[in-house]
Amino acid sequence: MSNEVEKKSYEKGNSVTKYLEENVSSRIYNKYKILNEKVGIDTLGKCNKEYLEYSLLDRNFPRPLLTVLGINYLVDNVEDMIVDDEALLISVISQKLRDSYAIIDDVIDGDEIKFNHDTLPVAFSKILERNELGNSLAILYGLKCFNSLFMLKNGRYITENNRKRIIELITKVTNSTIESEMLAIHLQTVNIFNLKTECILEMYRNNAAEYCFVFPYVLGLLSKNANKETIDETGELLKGIGVLSQIMDDILGLFPLHVEDDKNTISDLLSLKRTYVLVDFYDYIKKTEIKKMLEKNNCTIDEAKSIRFEMLKSGYLSYLAQEIKTKAIKLQDKVKMLSIGNVSKKYLIELLENRIINNCESVINIYVEK
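This text gives an overview of the structure that appears in the document. One numbering rule holds for all chains: residues counted from 1, following each sequence as written. In view of the model being predicted, local features appear only for residues whose pLDDT reaches at least 70, and side-chain atom pairs are presented and counted only at 80 or more, with totals across whole chains, interfaces and linings using the full set of residues. The basis for the side-chain values is all heavy atoms of the structure; hydrogens and waters are excluded.

## Thoughts on the nonpolar core
The biggest cluster of nonpolar side chains holds 117 residues, and the ones touching the most others in it are L20, M81, I241, L294, M311 and L348. For this core, the element with the highest residue contribution is helix α10 (residues 208-223), accounting for twelve residues. Excluding residues that lie within four positions of it along the chain, L294 makes contacts with I192, L272, R274, L278, F281, Y282 and I307. Grouping buried Ala, Val, Leu, Ile, Met, Phe, Trp, Tyr and Cys residues that are joined through side-chain atoms within 4.5 Å yields what is termed a nonpolar core. Under the scheme applied here, a residue whose accessible area is under 20% of the maximum for its type counts as buried, over 50% as exposed, and between as partly exposed, the area being computed with a 1.4 Å probe on protein chains only. Helical segments are the DSSP runs of H or I of at least four residues, strand segments are the runs of E of at least two, and each set is numbered from the N terminus. Whether two residues are in contact is decided by their heavy atoms: any pair within 4.5 Å suffices.

## Let's talk about the pattern of salt bridges
Oppositely charged side chains are able to pair whenever their charged atoms sit close together. We count a salt bridge whenever a side-chain nitrogen from Lys or Arg sits within 4 Å of a carboxyl oxygen from Asp or Glu. Counting across every chain of the model gives 18 salt bridges. With its nearest N and O atoms 3.1 Å apart, the salt bridge here joins E37 to K33. Judged by its relative accessible area of 48%, E37 is partly exposed. By relative accessible area, K33 is classed as partly exposed at 30%. For the salt bridge of D118 with K126, the shortest nitrogen-to-oxygen distance reads 2.8 Å.

## As for the environment of L270
Topologically, L270 is positioned in helix α12 (residues 267-270). You can call L270 partly exposed: its relative accessible area is 25%. Residues L270 and K305, spaced 35 residues apart in sequence, show a C-alpha to C-alpha distance of 9.9 Å. Leaving out residues up to four positions away in the same chain, L270 has contacts with N298, C299, T300, I301 and A304.

## Details of the packing of aromatic side chains
Here is the rule: rings of Phe, Tyr and Trp (six-membered ring for Trp) pair when centre to centre is within 6.5 Å. Planes less than 30 degrees apart are stacked, more than 60 are edge-to-face, and the remainder are tilted. If you walk through the whole model with that rule in mind, you get nine aromatic pairs. Plain terms: the ring middles of Y29 and F61 are 6.4 Å apart, the flat faces sit at 75 degrees to each other, and that makes the pair edge-to-face. Residue Y29 is located in helix α2 (residues 25-36), and its partner F61 is located in the loop between α3 (45-55) and α4 (62-71); the two are separated by 32 residues in the primary sequence. Summarising the burial analysis for this pair, Y29 and F61 share the class buried. An aromatic cluster of three or more residues is present, and its members are F281, Y284, Y316 and Y319. Positioned above the aromatic ring of Y29 is the side chain of R59, whose terminal nitrogen or guanidinium carbon lies 4.2 Å from the ring centre. A ring has a charge above it when a Lys NZ or an Arg CZ is no more than 6 Å from the ring centre and no more than 35 degrees off the ring normal. The cationic tip of K291 hangs over the ring face of Y282; the distance from NZ or CZ to the ring centre is 4.0 Å.

Laid out in structure tokens, this is it:
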């Protein structure tokens with residue numbers, strides 16, 4: 001790894017994730033902070049400051065870390081990773097793409113809190129003292145983030161051939177994400193008894209799984225001219241991780257007090273958003289009164305409490321968590337077969353352990369305690 005900053009040594013058997021968060025995330029933070037210090041226009045000083053704070057909330061920067069790992073995809077020893085200015089500049093492309101989608105998604109979904117902080121639409125509405133202006137301005141910031149991607153890809157380290165491939169990748173993931181968001185809006189108009197979980201899973205594969213997991217790592221692979229087989233097999237596995245992660249987000253939204261996460265919100269349940277968990281639970285539950293609640297367009301706080309109670313009482317939540325845990329363990333085995341270095345393998349195995357398996361065990365324990 002580059003000697004630009006003092007770093008802690010890595011001892012064999014320790015967490016690769018922890019090592020990277022301690023030694024690389026802070027450098028990504030500094031690079032991203034500099035890039036984001038001037039995003040809006042001067043007359044929106046307070047809003048610019050709010051965006052800067054928002055953009056730096058997730059200090060571990062998991063998506064840029066995936067890109068750094070993709071750049072170092074053949075490395076077996078974490079201390080042999082190259083994390084120079086080139087790697088850092090390429091890595092923040094992943095975060096810019098994420099910010100662009102996340103900001104606009106918060107407007108669409110009406111989310112108010114992320115990482116124990118106001119979302120940008122809410123923060124801007126407070127500053128401007130008008131909700132509709134806050135939403136409009138947040139969308140414009142999201143678009144400006146997206147536009148900046150085309151400046152970043154012109155970085156001096158990116159070759160002409162790779163620049164073309166990066167544009168193609170951005171175009172692909174953007175189309176996939178937008179079409180999935182359109183589908184999600186359409187599904188809100190479809191009665192839940194007409195929906196199948198397969199439709200929801202495909203939507204997850206083409207949305208968050210693409211831009212949160214596949215895009216960052218493949219971006220790194222492209223910058224190092226990895227072969228198509230490596231890109232395809234790794235991308236497919238990362239889609240699998242992304243889908244399980246999205247289902248875990250569904251659970252977090254329903255039971256925010258019981259699972260460790262900074263994105264807690266019950267807004268999805270109150271609006272009866274057509275998530276995998278809700279559609280799957282509709283097929284699972286037999287009680288007519290609960291089915292009728294789920295068939296509505298939205299529900300009250302009391303109805304939301306009834307739905308959550310039945311998820312626990314019926315055993316559904318424990319059943320789902322065990323199913324997701326089993327799939328995550330199978331993906332860990334598949335990671336070991338990938339044509340990538342040991343550092344990437346260990347990171348992905350730890351990601352599944354920390355993000356999916358441990359949270360599933362927490363959910364299973366809720367049911368045991370009940």
